[in-house]
Amino acid sequence: MKITLKDGSTVEYPAGTKIIEITAGISKGLAKNALVAKFNGNMVDLSVPVEEDGTLEIFTFADEEGQQAFRHTSSHILAQAVLRLYPGTKLGIGPAIENGFYYDFDSEHKFTPADLEKIEEEMRKIIKEDLPLERQTLAREEAIEFFSDKKEDYKVELINDLPEDAEISLYKQGEFIDLCAGPHLPSTGKVKAIKLLSLAGAYWRGSEKNKMLQRVYGTSFTKKSELDEYIFRIEEAKKRDHRKLGQELKLFTLLEEGPGFPFFFPKGMVIRNELESYWRLIHQQWGYQEIKTPIILNRQLWERSGHWHHYRENMYTTIIDEEDYAIKPMNCPGSMLVYNAELHSYRDFPIRTAELGLVHRHELSGALHGLMRVRSFTQDDAHIYMLREQMTEEIKGVIDLVDSVYRLFGFEYHVELSTKPEKAMGSDEDWEAATAALEQALQEKGMAYKINPGDGAFYGPKIDFHLRDSIGRTWQCGTIQLDFQMPEKFDLTFIGEDGQKHRPVMIHRVAFGSIERFIAILTEHYAGAFPCWLAPVQVKILPITQRQLGYADELARELSKDGVRVEIDKRSEKIGFKIREAQLEKIPYMLVIGDKEEENRNVALRKRGEGDKGTVDFVEFKQELLQEIAARA
RNA sequence: GCUGAUGUGGCUCAGUGGUAGAGCAGCGCAUUCGUAAUGCGCAGGUCGGGGGUUCAAAUCCCCCCAUCAGCUCCA
């Protein structure tokens, strides 16, 4: 029997040799670290005997596949511990997730944080028992009978939903048996460091129509040091939380008086305004025209656009002079009214109208999250009206614009293509044409993308840009939506070459997504240490004694004259204290001035992240600073 | 919206049935100081809101609101 390894080499073994034995033949170290394997494309346990020629790949904790199995086995240990401590608990599902695992339980007992410690202790016992995991397969009927006997209703439901031809496998470790496709680690003893992290409710199968189960989250590693490092990273990430930094740096606040409706402080407004002027600059460069449309528009408009029917539960409404009005949840209808306010020629196309539009959407109270999920936010919206032939070019243009924005901030992102949802307007042909245009643009750009079937907007398919933030969460920011429906609904026309009226198509798109969310992401991305061009205060002047106040004023005037945001700490505090405060405020540059500096007309410079830079010439400093700001470096 | 937890001065938190506390911030006075916290003093809270139990409620019970974690949803 011939086995081909990952590096292309082959080894010979008699049929029936177990993978773990083959692994040991390759390297003792690999056998020790091996967790699961892939044989001829199928993920398998190490204990599986090999009966035929094939390719073999061995995974350790360094591999995605190895971590998956490791966490998956961890979740079985969790379930086993819970069943030992709370007999009668029914099991939901217990998969591995990024950075850990969870298991859902249906139990009379309401788990508390204190219980987590007890469960964790039991889990350690199970690990110490080093129980081997054994796989067995059952016929569908047998499996259903088996889990029915154990009153595991959820497992029975899962089995019933498995496809006809699916092999039904069970994994057994000690007294614990669970329905599971696998693969798993050879034994529970492989899991060295484990920690339960949190407790939460979760609907069975993710549907709010179903019963809410109790979900226990945890993580596990091969070494205690890795676990400690992970916990340290979580703590670090918490320090970057934009809600915490937003308060500490006095950027914004959320008050009970307006849940989900953020208030911006002067320092937060500086960041907003800087982002907006950058936005205006690039939109001018990319050939957009800015407009502004009203926040409240009448019911007929929203009926016409379809929002009144398709988006009703998210809209705030009001009554004016006994007529129904809605506060806009999107900017497109307003934009189309602007389009329709005059006649258009095919020569005008593409027409790119942009709007920083304040929209309101009723989000579920439990979904609100700082500036990331709010009920009122400003979209950096744009609507592009064009000919069908211009679609691909325009989409590519938007992709480039969005890319240049994200690159400026050094963000990683990936794109997803969402297709026709169940609740959709328009013909299948239009949807196909629109989806094809988006795909073509992505392919011509050579971009990798994931497809989200059924996740499009009700009026058209879309490309979404997902940013990766500092904690590794992804946030949808930019989106490009292609729309054949709204131009129809609003009877948008243009005069073609033939002198006849024709129907344009339109693109809806955002780059930042929402200014509010983007500020939140930036705050976490930079951990509050904004690049100089965005920093609310760019320079803080720290006089050592009151004698230098005059010189300080002089320097401040010199800087603010050229648009630099500068503050002077005039308090009669010691210099160490002033530096400490400026440091906590994450101010990019501090100018320390004492008698010496005033006498020589220079400054002692302190740079954020670098500390004391010594004495520098003020004029030179100012020039470099202005350059840095202008470059948005 | 659902499940669970939390809510005490601007901020961080102590206080579990018997007179509301601390540190930081603020204000005043003193200090004029060389690279991450100078000292002293003063003010500041109907304990998220409403109702109830009790001689007495921040503390016990009920309802509501908000926040946090997760689910669902999403820019």
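Just so we're clear, the structure is a prediction, and the values are computed from it rather than from any experiment.

Criteria and cut-off values
Residues numbered from 1 in each chain as written. Chains lettered and ligands numbered in written order. Predicted model: local features only at pLDDT ≥ 70, side-chain atom pairs only at ≥ 80, totals over all residues. Heavy atoms only, no water. Near = heavy atom within 4 Å. Polar contact = N/O pair within 3.5 Å; in protein donor to acceptor, adjacent residues only side chain to side chain. Helix = DSSP H or I, 4+ residues; strand = E, 2+ residues; numbered from the N terminus. Nonpolar A, V, L, I, M, F, W, Y, C, P; charged D, E, K, R; others polar. Salt bridge = Lys/Arg side-chain N within 4 Å of Asp/Glu carboxyl O. Buried < 20%, exposed > 50% of the residue type's maximum accessible area, 1.4 Å probe, protein only. Pairing = 2+ DSSP bridges. Axes fitted to C-alpha atoms, helices over the stretch in contact; angles between N-to-C directions. Contact = heavy atoms within 4.5 Å. Left-handed = near helix turned anticlockwise from the far one by under 90°. Patch = residues over 30% accessible without salt bridge, like charges linked within 9 Å, V, L, I, M, F, W, Y side chains within 5 Å. Areas by Shrake-Rupley, 256 points an atom, 1.4 Å probe, with all protein chains shown as cover. Lys, Arg positive; Asp, Glu negative; His and termini not counted. Charge placed at Lys NZ, Arg CZ, Asp CG, Glu CD. Core = buried A, V, L, I, M, F, W, Y, C linked by side-chain atoms within 4.5 Å. Disulfide = S-S within 2.5 Å.

Caption draft 1: Geometry of the protein's contact with RNA strand B. Taken together, 54 residues lie around RNA strand B, and Tyr203, Gln476, Ser572, Arg580 and Glu597 are the ones closest in. Close to the protein, within 4 Å, the atoms of RNA strand B belong to sugar or phosphate groups at a rate of 49%. Between RNA strand B and the protein, one listed contact pairs a base nitrogen with a side-chain N or O atom of glutamate 597 at 2.5 Å. Interatomic distance of 2.9 Å between a side-chain N/O atom of arginine 606 and a base oxygen of RNA strand B. Counting residues per element, the ones that place at least two in the surface near RNA strand B are strand 14 (193-203), strand 15 (212-221), helix 8 (242-248), strand 27 (474-483), strand 30 (505-514), helix 18 (575-584), helix 19 (595-600) and strand 34 (602-607). No other element matches the seven residues that helix 18 contributes to the surface near RNA strand B. Grouping the constituent residues of the surface near RNA strand B by class yields 20 nonpolar, 15 polar and 19 charged.

Caption draft 2: Representation of the pattern of salt bridges in the model. Under the definition given, this model contains 46 salt bridges. Among the salt bridges present, the one from glutamate 248 reaches lysine 244, with a minimum N-O distance of 3.1 Å. Within this pair, glutamate 248 and its partner lysine 244 are both found in helix 8, separated by four residues, close to a single helical turn. On the basis of relative accessible area, lysine 244 is assigned to the partly exposed category, the value being 39%. Lysine 540 is the partner of glutamate 567 in a salt bridge, and the nearest nitrogen-oxygen pair spans 4.0 Å.

Caption draft 3: Structural detail: unusual backbone geometry. Put simply, phenylalanine 349 and proline 350 share a cis peptide bond, and its omega is -10 degrees. With respect to the helices and strands, the residue proline 350 is situated in the loop between helix 12 (332-340) and strand 22 (351-360). A positive phi angle is found at lysine 250, which is not glycine, with a value near 55 degrees. As for its placement among the helices and strands, lysine 250 is situated in the loop between helix 8 and strand 16 (252-253). Here arginine 632, not a glycine, exhibits a phi torsion of approximately 50 degrees, which is positive. Secondary-structure assignment places arginine 632 in the segment after helix 20 (618-630).

Caption draft 4: How the structure looks around the sheet that holds strand 34. With mixed pairing, five strands are arranged side by side in an open sheet as 32-31-33-34-35. The open sheet has two edge strands, strand 32 (566-568) and strand 35 (611-617), and neither has a second partner. For this sheet, the mean angle separating the axes of adjacent strands, direction not counted, is 25 degrees. Here strand 31 (residues 539-543) runs beside strand 33 (residues 589-593); their pairing, made up of five bridges, is parallel. Opposite proline 543, over in strand 33, you have isoleucine 593 as the bridge partner.

Caption draft 5: Representation of the environment of leucine 343 within the structure. Within the secondary structure, leucine 343 sits in the loop between helix 12 and strand 22. When its relative accessible area of 64% is taken as the criterion, leucine 343 is described as exposed. Along the sequence, leucine 343 and phenylalanine 494 sit 151 residues apart, while their C-alpha atoms lie 6.7 Å from each other.

Caption draft 6: Highlighting the sheet that holds strand 30. Judged by pairing direction, the sheet is mixed, and its eight strands sit side by side in the order 18-22-23-30-27-26-24-25 without closing on themselves. The two strands at the open ends of the sheet, each matched to only one other strand, are strand 18 (289-290) and strand 25 (449-452). Against the sheet, helix 12 contacts strand 22, strand 23 (376-386) and strand 30, and its axis sits at roughly 40 degrees relative to strand 23.

Caption draft 7: Focus on the packing of helix 9 (residues 266-285) against helix 13 (residues 391-409). Relative to each other, helix 9 and helix 13 sit at 145 degrees, their axes nearing to 12 Å. As helix 9 packs across helix 13, the resulting crossing turns out to be right-handed. The residues of helix 13 that touch helix 9, namely those facing Leu275, Tyr278, Ile282 and His283, are Leu401, Ser404, Val405, Leu408 and Phe409. For the contact of helix 9 with helix 13, the class distribution of residues is seven nonpolar, two polar and no charged.

Caption draft 8: Molecular detail of the pairing of strand 10 (residues 100-106). Burial runs high along strand 10: seven of the seven residues are buried. Of the two faces of strand 10, the one holding Gly100, Tyr102, Asp104 and Asp106 and the one holding Phe101, Tyr103 and Phe105 are both buried throughout. Here two bridges tie strand 8 (residues 90-91) to strand 10, and the two strands are oriented antiparallel to one another. When the sheet's bridge partners are listed, lysine 90 is paired in strand 10 with aspartate 106. Relative to strand 10, strand 9 (residues 96-97) runs antiparallel, the two sharing two bridges.

Caption draft 9: Seen up close, a negative patch on the surface. On the surface, Glu12, Glu51, Glu52 and Asp53 cluster together to form a negatively charged patch. Here glutamate 52 is to be found in the loop between strand 6 (49-50) and strand 7 (54-59).

Caption draft 10: Summary view of the nonpolar core. Residues Leu275, Ile395, Phe409, Ile463 and Phe518 are the most contacted members of the largest nonpolar core, which totals 75 residues. The next biggest cluster of nonpolar side chains, apart from the first, holds 33 residues, and it includes Val82, Tyr103, Phe105 and Phe221.

Caption draft 11: Focus on the state of the cysteines. By the definition in use, this model includes zero disulfides. Just so you know, cysteine 477 is unpaired, no disulfide at all, and the nearest cysteine sulfur is the one on cysteine 332, 19 Å from it.

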